[in-house]
Amino acid sequence: NNAAERSMRPIALGRKNYLFMGSERGGKSAAIAYTLIETAKLNGVDPQAWLTDTLARIADHKINRIDELLPWHYAQV
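Residues numbered from 1 in each chain as written. Predicted model: local features only at pLDDT ≥ 70, side-chain atom pairs only at ≥ 80, totals over all residues. Heavy atoms only, no water.

Applying the stated criterion across every chain, the model contains three salt bridges. The salt bridge partner of lysine 41 is glutamate 38, with a shortest N-O separation of 3.4 Å. Residue lysine 41 and its partner glutamate 38 are located together in helix α3 (residues 24–42), separated by three residues, close to a single helical turn. For the salt bridge of arginine 57 with aspartate 53, the shortest nitrogen-to-oxygen distance reads 2.9 Å. Of this pair, arginine 57 and aspartate 53 both sit in helix α4 (residues 47–57), four residues apart, which is roughly one turn of that helix. (Salt bridge = Lys/Arg side-chain N within 4 Å of Asp/Glu carboxyl O. Helix = DSSP H or I, 4+ residues; strand = E, 2+ residues; numbered from the N terminus.)

On to the packing of α3 against α4. At a minimum axis separation of 9 Å, α3 and α4 run at an interaxial angle of 115°. Remark: the crossing between α3 and α4 carries right-handed chirality. For the pair α3 and α4, the contacting residues are Leu36, Ile37, Ala40 and Lys41 in the first and Pro47, Trp50 and Leu51 in the second. In terms of residue class, the contact of α3 with α4 is made up of six nonpolar, no polar and one charged. (Axes fitted to C-alpha atoms, helices over the stretch in contact; angles between N-to-C directions. Left-handed = near helix turned anticlockwise from the far one by under 90°. Contact = heavy atoms within 4.5 Å. Nonpolar A, V, L, I, M, F, W, Y, C, P; charged D, E, K, R; others polar.)

Structure representation (structure tokens):
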């Protein structure tokens, strides 16, 4: 539980700022981004390196093998 609470702390600290995401869609996009970043951190992967690699590869990647781009697979490479 402590690990989960520590990972949520930055979100709780910035809660007032998140009221002004611009739109509901912007809020959903931010939630997706935070989820991806925190998942990478929990898997011991540098989020910036993983996202850079994934975004560069995703356009040419087969849709039925999309799970290969997830952070826990990147950590094994």
